[in-house]
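This is what each chain is made of:
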Amino acid sequence: MEIQSRLPHVGTTIFSVMSALASEHKAVNLGQGFPDYDMPGELTALVNKAMKKGFNQYSPMPGWMPLRESIADKVAFLYANRVDPDKEITITPGGTYAIYTALTTILQPGDEVIVFEPAYDSYIPNIEINGARAITIDLVFPDYRIDWQSVKNAINPRTKAIIINSPHNPTGSVINEEDIMQLQQLVRGTNIFIISDEVYEHLIFDGRKHESMLRYPDLLERSFVCFSFGKTYHCTGWKLGYCIAPSKLMAEFRKVHQFNAFACNTPMQVGLAEYMANRDAYLQLPAKMQERRDRFIVLMKETRFDLLPSGGSYFICAKYDRISDEPDRDFAVKLTREAGVATIPVSAFYRNGNDHKVIRFCFAKKEKTIKEAAERLCNY
Ligand SMILES: Cc1ncc(COP(=O)(O)O)c(C=O)c1O
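Below, the structure is looked at part by part.

What counts as what
- Residues numbered from 1 in each chain as written.
- Predicted model: local features only at pLDDT ≥ 70, side-chain atom pairs only at ≥ 80, totals over all residues.
- Heavy atoms only, no water.
- Helix = DSSP H or I, 4+ residues; strand = E, 2+ residues; numbered from the N terminus.
- Axes fitted to C-alpha atoms, helices over the stretch in contact; angles between N-to-C directions.
- Parallel < 35°, antiparallel > 145°, perpendicular 65-115°, else oblique.
- Contact = heavy atoms within 4.5 Å.
- Nonpolar A, V, L, I, M, F, W, Y, C, P; charged D, E, K, R; others polar.
- Near = heavy atom within 4 Å.
- Polar contact = N/O pair within 3.5 Å; in protein donor to acceptor, adjacent residues only side chain to side chain.
- Areas by Shrake-Rupley, 256 points an atom, 1.4 Å probe, with all protein chains shown as cover.
- Expected span 1.5 Å × (residues − 1).
- Buried < 20%, exposed > 50% of the residue type's maximum accessible area, 1.4 Å probe, protein only.
- Arc of directions from axis to C-beta.
- Disulfide = S-S within 2.5 Å.
- Salt bridge = Lys/Arg side-chain N within 4 Å of Asp/Glu carboxyl O.

### Let's talk about unusual backbone geometry
Reasoning step 1: The residue after Glu117, namely Pro118, is reached through a cis peptide bond having omega 5°.
Reasoning step 2: Topologically, Pro118 is positioned in the loop between strand S3 (112–117) and helix H5 (123–128).
Reasoning step 3: Of note, the bond from Phe141 into Pro142 is cis; its omega dihedral lies within 30 degrees of zero at 5°.
Reasoning step 4: Positionally, Pro142 belongs in the loop between strand S4 (133–138) and helix H6 (148–154).

Structure below.
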C-alpha cells in the first residue's frame, strides 16, 4: 500500500527523542512538561466515588452539565464574565484537542494563521492538516515578547486567526495589558479569530494578572479560549480540558467535536464538577508553583547556566554560552549523556530550527528531583 503523508515534515519529536535518551542514561528528566508529584487525593477519591456510583456511560456531547456550570461559576468569579454553560462551554479530551478542534472549525484551504515562535508543537501541524498556512513571527529574544508591528505587517485578507499562548510554553513569557490593547486595535473591524491557549492560566508568578480573553468582550466575541484540567490539577494523563467560545462559534465547534471524540470520560467530569467548588486548589497554585521556580533559580545559581526570566508556566529557559557554543540540540543530548539531566532544546519550537543556544527546564517536579538535577548540573 502507498500512503501519501498529510504531514510530510513531521518526524519523531524531540520530546520522544529526549525522553528515550533520558531513560537510556537514567537521567533526571526536566525535559517533558508534566509534574512528578501526586495530584490531589481528594479529586481521585471523587472520581472513584463517581465510578462506584455508576457514572460510567457516555456523558452528553458538550460535557457533563454540572461541570460546565462549575466552569461558568469559576469564570464569573475570576474574570467577571458570565458565560453560558449550555451554549458556550464544551468539555474536550485535553487542551490540545480543543485547539485542534477550534482550528478545524474555522480554517479553509489557503487561510493563514499567525503563530508566535517558539511555539507549542501542535499548532503548526494542526494548521497544515487543515490545508492552511502558518505564518510564523519570532517572539523578541531574550524576553520573548510580541513585536506587534510585525503582527501588523503580517496581517492580510487571508489572515484567519492569531494563536495567543500566555503564560507561554516554552519560554514562560506572559502577555500584559499593553499586549491586549495592541491585539484589540489590530483585530477591531476584521474577521480574524483568536485561538487563546490558556492552559497555564494559574501558573503565573510575581503577582502578575492572567490576561484571559474572557476579560475582554471585544476579544471574546472572536475567540476560542482553551484550557486543560491536566495543568491545573496535576493530572496531565487524564487528558481533559475545555473550550469557551461565543454560542455562534461554539455551535460550529461542536459540529466538529461530535463526530470526533463526541464526549469525554464521564467519571472524571463528575469528580471535577464537585472538586471545582474548592477555589483554594487553584487560587493557591501560583504561589506554590512560584516557590518551585524560585527554589530552582537559587539552586541553579551554583551552575554556569544563565536563567532567563519566567513569569509563568511550568518552564524556565537557560542560556549555556558559558559552558559551550554547540547547537542547542547537540548540547541537550550531551547534557543528558554526560551530566544525566534531560532538557529540551528551544530550537525544537521553531519551524526553521532558530537556535539562540537556549534549553528549557521543567520545574514542575518534586523538591528531590530538582535538587538532584541541580547537583548534577553544578558539576558540569
Ligand atoms: C501550551 C500548551 N498548550 C496545550 C497543552 C496541552 O494540554 P493537554 O495535555 O490538556 O492537551 C500543553 C501541554 O504541554 C501546552 O504546553
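Additional details are given in the paragraphs that follow.
### Regarding the packing of helix H4 (residues 95–106) against helix H10 (residues 247–258)
Reasoning step 1: Running from N to C, H4 and H10 point in directions that differ by 105°, and their axes come no closer than 9 Å. Here H4 is positioned roughly perpendicular relative to H10, judged by the angle of their axes. Each of Tyr97, Ala98, Thr101, Ala102, Thr104 and Thr105 in H4 lies in contact with H10, whose residues at this interface are Leu249, Glu252, Phe253, Val256 and His257.
Reasoning step 2: A breakdown of the residues in the contact of H4 with H10 according to their chemical character gives six nonpolar, four polar and one charged.

### Some thoughts on the environment of Phe229
Reasoning step 1: Inspection of the secondary structure assignment puts Phe229 in helix H9 (residues 229–232).
Reasoning step 2: Once residues lying within four places of it in the same chain are set aside, the contact partners of Phe229 are Leu67, Ile71, His234, Cys235, Leu240, Gly241, Tyr242, Leu272 and Met276.

### Remarks on the site of the ligand
Reasoning step 1: Taken together, Gly94, Gly95, Thr96, Tyr120, Asn165, Asn169, Asp197, Val199, Tyr200, Ser228, Lys231 and Lys239 make up the full set of residues near the ligand.
Reasoning step 2: Between the ligand and Gly95, the relevant distance is 2.7 Å, taken from an oxygen atom to a main-chain nitrogen or oxygen of the residue.
Reasoning step 3: Considered on its own, the ligand offers 400 Å² of accessible surface; in the complex 93% of this is hidden by protein.
Reasoning step 4: In terms of residue class, the shell around the ligand is made up of three nonpolar, six polar and three charged.

### Brief notes about H10
Reasoning step 1: Between its first and last C-alpha, H10 extends 16 Å over twelve residues, near the 16 Å set by a 1.5 Å rise per residue.
Reasoning step 2: Those residues of H10 not exposed but buried are Leu249, Met250, Phe253, Arg254 and His257. Down the axis of H10, the buried side of the element spans an arc of 135°, and every buried residue falls inside it.
Reasoning step 3: Packing partners of the buried residues in H10 comprise helix H3 (65–79), strand S2 (89–92), H4, strand S6 (193–197), strand S7 (223–228) and strand S8 (241–244).

### As for the state of the cysteines
Reasoning step 1: Taken as a whole and judged by the stated rule, the model has zero disulfides.
Reasoning step 2: No disulfide involves Cys264; its sulfur sits 12 Å from that of Cys243, the nearest cysteine.
Reasoning step 3: On the basis of relative accessible area, Cys264 is assigned to the buried category, the value being 8%.
Reasoning step 4: In this model Cys362 remains outside any disulfide bridge; the closest cysteine sulfur is found in Cys317, 11 Å from its own.
Reasoning step 5: Owing to a relative accessible area of 0%, Cys362 belongs among the buried residues under this scheme.

### Things to note about the side chain of His234
Reasoning step 1: Looking at the secondary structure, you find His234 in the loop between H9 and S8.
Reasoning step 2: For His234, a relative accessible area of 17% puts it in the buried group.
Reasoning step 3: With residues near it in sequence (within four places) discarded, His234 still touches Pro35, Tyr37, Asp38, Met39, Pro40, Phe229 and Leu285.

### What about the pattern of salt bridges?
Reasoning step 1: Applying the stated criterion to the full structure yields 21 salt bridges.
Reasoning step 2: Glu291 is the partner of Arg295 in a salt bridge, and the nearest nitrogen-oxygen pair spans 3.0 Å. Taken as a pair, Arg295 and Glu291 lie in helix H13 (residues 285–300) at a separation of four residues, close to a single helical turn.
Reasoning step 3: One network of salt bridges, in which partners are shared, links Asp206, Arg208, Arg293 and Asp294.

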